[in-house]
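# Chains, contacts and geometry: an overview
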Amino acid sequence: GKLLNKSHENIDSLSRLVVTNNGQYVYTTEFKAALRRWDARNNKLDEVSSIRGQASSMFVSSDGRMIAIGGNHRDVALYDANKGERLMYFQTEASDFYVTNVWLLGNRLIFTTDAGVLKDGEIQR
């Protein structure tokens, strides 16, 4: 193999990482609740937004336009991947603490919790 690029900045206390389908963008969350985007082709790292608490799960949509984050406050948030704007926020009672997995496709959001509950929902814009 061959190293293609290496970020100039270190990521402090990385908690989650997702990559867009085309491999250009890498989104990370940190213990300090920062959502960052690394443009791997241009080696540019930007803080896109901040999140509530820490991420326990994260998913980027297949078109790379949205990021779903399952948190440690029984919550799920949906962010615009480019602007960092929070588009939706949902808190569930069907969890002890964490949203353990989150999946997004179009208007469909599916997530699991640490209490073993599986939820399927439709995002209304």
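For the structure, check the block above.
In short, a report on the structure. (Residues numbered from 1 in each chain as written. Predicted model: local features only at pLDDT ≥ 70, side-chain atom pairs only at ≥ 80, totals over all residues. Heavy atoms only, no water.)

### What to know about the overall build of the protein chain
Counting secondary structure elements, the protein chain contains zero helices and eleven strands. Its helices and strands taken in sequence order, the protein chain reads β-β-β-β-β-β-β-β-β-β-β from the N to the C terminus. Along the first, second and third principal axes, the C-alpha set of the protein chain runs to 45 × 30 × 30 Å. Residues counted as buried form 45% of the 125 residues belonging to the protein chain. Partitioning the contacts of the protein chain with sequence separation of at least 6, the portion at a separation of at least 24 is 32%. Each charge sign in the protein chain was given a centre, from 16 positive and 15 negative side chains, and these centres are 4 Å apart. (Helix = DSSP H or I, 4+ residues; strand = E, 2+ residues; numbered from the N terminus. Buried < 20%, exposed > 50% of the residue type's maximum accessible area, 1.4 Å probe, protein only. Contact = heavy atoms within 4.5 Å. Lys, Arg positive; Asp, Glu negative; His and termini not counted. Charge placed at Lys NZ, Arg CZ, Asp CG, Glu CD.)

### A few points about the side chain of Arg36
Assignment of secondary structure puts Arg36 in strand β3 (residues 34-39). Within the structure, the side chain of Arg36 is placed 3.1 Å from the side chain of Glu9, a separation counted as a polar contact. (Polar contact = N/O pair within 3.5 Å; in protein donor to acceptor, adjacent residues only side chain to side chain.)

### Observations concerning the nonpolar core
Membership of the largest hydrophobic core comes to 14 residues, with the highest contact counts inside it found for Tyr27, Leu35, Ile51, Met58, Ile67, Ile69 and Tyr79. Elements with a contribution of two residues or more to this core: β5 (55-60), β6 (66-71) and β7 (75-80). Considering every element that reaches this core, the biggest residue donor is β5, with three residues. With near-sequence residues (within four places) excluded, Ile67 lies in contact with Tyr27, Leu35, Met58, Phe59, Val60, Ala77, Leu78, Tyr79 and Ala81. By size, the runner-up hydrophobic cluster in this structure holds ten residues, among which are Leu78, Val99, Phe111 and Ile123. (Core = buried A, V, L, I, M, F, W, Y, C linked by side-chain atoms within 4.5 Å.)

### Focus on the packing of aromatic side chains
Taken as a whole and assessed by the stated rule, the structure comprises three aromatic pairs. For the pair Phe97 and Tyr98, a centre-to-centre distance of 4.9 Å together with 85° between the ring planes defines the contact as edge-to-face. The cationic tip of Arg37 hangs over the ring face of Tyr25; the distance from NZ or CZ to the ring centre is 5.7 Å. (Phe/Tyr/Trp six-rings, centres within 6.5 Å; stacked < 30°, edge-to-face > 60°. Lys NZ or Arg CZ within 6 Å of the ring centre and 35° of its normal.)

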